[in-house]
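What follows is each chain in one-letter form.
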Amino acid sequence: MASSDDAATDQFRDLTDVKVALVAGLCTVALTLSLEYGVGIEVPFVYRLFPLAPYFAYVFSRGAALSARTWMALTAAVTLATFGFFVF
């Protein structure tokens, strides 16, 4: 007989959601720090949250037949595009 603790543990065996969330969080922090302290550009708060957009698309579409690696690459691409837009 399985306990409720076993059911909760099974939910966290697949860490795909955690990996995508971790990449989105790290990209958001890296973008903010690189723009503010690396380049010295003051960017509005909303633009610094752009790396979270692919993560929310991933969550609400439940992956949409794309691999987690693709979503992580998309998050990194959005981060680099946002950085490039404000720097260049």
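Preceding this paragraph is the structure being described.
Residues numbered from 1 in each chain as written. Predicted model: local features only at pLDDT ≥ 70, side-chain atom pairs only at ≥ 80, totals over all residues. Heavy atoms only, no water.

Participant: Requested: an account of the overall build of the protein, with residues and values cited.
Facilitator: A tally of helices and strands in the protein yields five helices and zero strands. Helices and strands appear in the protein in the N-to-C order α-α-α-α-α. Expressed as a percentage of the 88 residues in the protein, the buried residues total 20%. Partitioning the contacts of the protein with sequence separation of at least 6, the portion at a separation of at least 24 is 69%. Accessible surface, the protein: about 6,200 Å² in total, of which carbon and sulfur atoms supply 68%. (Helix = DSSP H or I, 4+ residues; strand = E, 2+ residues; numbered from the N terminus. Buried < 20%, exposed > 50% of the residue type's maximum accessible area, 1.4 Å probe, protein only. Contact = heavy atoms within 4.5 Å. Areas by Shrake-Rupley, 256 points an atom, 1.4 Å probe, with all protein chains shown as cover.)

Participant: Explain the environment of Tyr58 to me, and be specific about the residues and the numbers.
Facilitator: As for its placement among the helices and strands, Tyr58 is situated in helix H4 (residues 52-61). Residue Tyr58 is classed as buried on the basis of its relative accessible area of 7%. Tyr58 sits 14 residues away from Met72 along the chain, and the two C-alpha atoms are 9.6 Å apart. Tyr58 has contacts with Thr16, Asp17, Val20, Gly63 and Trp71, leaving out every residue within four places of it along the chain. Within polar-contact distance, the side chain of Tyr58 engages the side chain of Asp17 at 2.6 Å. (Polar contact = N/O pair within 3.5 Å; in protein donor to acceptor, adjacent residues only side chain to side chain.)

Participant: Lay out the packing of aromatic side chains in plain terms, naming residues and giving numbers.
Facilitator: Inspection of every chain in the model, using the stated rule, returns six aromatic pairs. For the pair Tyr47 and Phe50, a centre-to-centre distance of 5.5 Å together with 75 degrees between the ring planes defines the contact as edge-to-face. You can call Phe50 partly exposed: its relative accessible area is 33%. For the pair Tyr55 and Phe56, a centre-to-centre distance of 5.8 Å together with 55 degrees between the ring planes defines the contact as tilted. (Phe/Tyr/Trp six-rings, centres within 6.5 Å; stacked < 30°, edge-to-face > 60°.)

Participant: If you had to explain the pattern of salt bridges to someone new, which residues and values would you point to?
Facilitator: Under the counting rule described, the total for this entry stands at two salt bridges. As a salt-bridge pair, Arg62 and Asp17 come within 3.8 Å of each other at their nearest N and O atoms. Placement of Arg62 in the loop between H4 and helix H5 (68-87) and of Asp17 in helix H2 (residues 16-39) is noted, with a sequence separation of 45 residues between them. (Salt bridge = Lys/Arg side-chain N within 4 Å of Asp/Glu carboxyl O.)

Participant: Hey, could you go over the packing of H2 against H5 for me, with residue numbers and the actual values?
Facilitator: One can describe the packing of H2 onto H5 by two numbers: an axis separation of 9 Å at closest approach and a directional angle of 10 degrees. Taken as axis vectors, H2 and H5 run roughly parallel relative to one another. Our pair here, H2 against H5, has a crossing hand that is right-handed. Contacts from Thr16, Lys19, Val20, Val23, Ala24, Cys27, Leu31, Ser34, Leu35 and Val39 in H2 reach Ala68, Trp71, Met72, Thr75, Ala76, Thr79, Thr82, Phe83, Phe86 and Val87 in H5. (Axes fitted to C-alpha atoms, helices over the stretch in contact; angles between N-to-C directions. Parallel < 35°, antiparallel > 145°, perpendicular 65-115°, else oblique. Left-handed = near helix turned anticlockwise from the far one by under 90°.)

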